[in-house]
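Summary of the model geometry
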Amino acid sequence: MTPRDPGPGFRPRAAVAMSRDAAGAVLDPETLRAFRTVCDLAPPPVLDELTTPRARSVLADVDLLITGWGCPPLDAEVLRAAPRLRAVVHTAGSVRGHVTDACWERGIEVSSAAAANAVPVAEYTLGMILLTGKRVLERARDYRASRSRDDWLRTPRTVGNHRRTVGILSASLIGRRVIELLRPHDLDVLLYDPYVDDAEAAALGAERVGLPELFARCDTVSVHTPLLPRTRGLVSRDLIRAMPDDAVLINTARGAVVDQEALTEAVLAGRIRAVLDVTDPEVLPPDHPLWECDNALITPHLAGSQGNEWRRLADLALAETARWASGSGFLHPVRRERLAFLA
């Protein structure tokens, strides 16, 4: 079959490929109606498996797939069943789980909603930076226990967010958004990213430093590097040991980026604090000591898009579908040559 070329008046034939739970969360009825204004959308149910007779029948005529969490791999066998497929619009962040080498070899264009998903992660990070700087969680716990107000005029000068030093590990989409959100605050921002030079860091609003210096100088370090073979265990025992007393490590990236054994030892000793939206493994074993440690806040991987934030993902995917159908190309493309730097 000859692929249909996007352009004026072109209406791609599209199908949704993701888990049914993901589709129910991200693609509400209003969103599906909006998609049908820009493409001919295959009727439900969604394609949560790509080898059934029905899936093969749908794939035979699609120009575009709208993918999401739980989409099966788009391997060579699947692509043989989808001879017209030209584009994939992903309603979540990473495409590593389903966009295979076969897709790149076919020349399939890929878009991701990673930019939209970065927004709530950065908001979570900002909130935790400010809360931990003020020691809100610990002081609320003490207040609840004592039922009496503390002597606030004796608050240590280590408490507060004025001229606190915050380190950002990686100028990823999320890391850059965090730096942007930090600008209105009286904080000094340092950045480590081997692919960013001094001028670019300054333009972002940060001082570029080496990795050991980031951990040695910062009151708070926030991890935003993707998990890649070379970043596994990047936040090492030596770096954790170099952190100042009472410093905070925030991790919203991937648990395996951090040496969790070393982090656990430092947190249990009361030397540093941690805010962990991700752990290794995820979920920690029930008897792991971090669960009961007052110096650790563990949240259930909730920083990314949830609830009403799913609409942001769907809106971006809808806009990308409309752009591609018009021949304008994707505003948020995923490039094969950039995969080595992406989550």
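In this text the structure is predicted, and so the values were computed from the model without any measurement. (Residues numbered from 1 in each chain as written. Predicted model: local features only at pLDDT ≥ 70, side-chain atom pairs only at ≥ 80, totals over all residues. Heavy atoms only, no water.)

Counting secondary structure elements, the protein contains 13 helices and 12 strands. Seen through its C-alpha atoms, the protein measures out along the principal axes to roughly 75 × 45 × 35 Å. Sorting the 343 residues of the protein into buried and exposed places 48% on the buried side. Expressed as a percentage of contacts within the protein between residues at least 6 apart in sequence, the contacts between residues at least 24 apart total 66%. About 16500 Å² of surface is accessible on the protein, with carbon and sulfur atoms providing 53% of the total. (Helix = DSSP H or I, 4+ residues; strand = E, 2+ residues; numbered from the N terminus. Buried < 20%, exposed > 50% of the residue type's maximum accessible area, 1.4 Å probe, protein only. Contact = heavy atoms within 4.5 Å. Areas by Shrake-Rupley, 256 points an atom, 1.4 Å probe, with all protein chains shown as cover.)

The next subject is the packing of aromatic side chains. Tallied over the full model, the rule gives one aromatic pair. When the ring of Phe10 is compared with that of Trp324, the centres are 5.9 Å apart and the planes differ by 65°; the resulting orientation is edge-to-face. Pair noted here: Phe10 is in the segment before β1 (13–17) and Trp324 is in helix α13 (residues 310–326), with a separation of 314 residues, a long-range link. Trp324 matches Phe10 in its accessibility class, with the two residues each being buried. (Phe/Tyr/Trp six-rings, centres within 6.5 Å; stacked < 30°, edge-to-face > 60°.)

If you look at soluble globular proteins, the nonpolar side chains tend to sit buried side by side. Counting residues in hydrophobic clusters, the biggest one holds 29 residues, and the most contacted among them are Leu214, Phe215, Val235, Ile240, Leu249, Leu263 and Val267. Contributing elements (two or more residues each) for this core: α10 (211–217), β9 (220–223), α11 (237–242), α12 (260–268) and β11 (273–276). Considering each element in turn, this core owes the most residues, four residues, to α12. The next biggest cluster of nonpolar side chains, apart from the first, holds 26 residues, and it includes Ala55, Cys71, Ala82 and Val88. (Core = buried A, V, L, I, M, F, W, Y, C linked by side-chain atoms within 4.5 Å.)

Distances and angles like these do not, on their own, reveal function.
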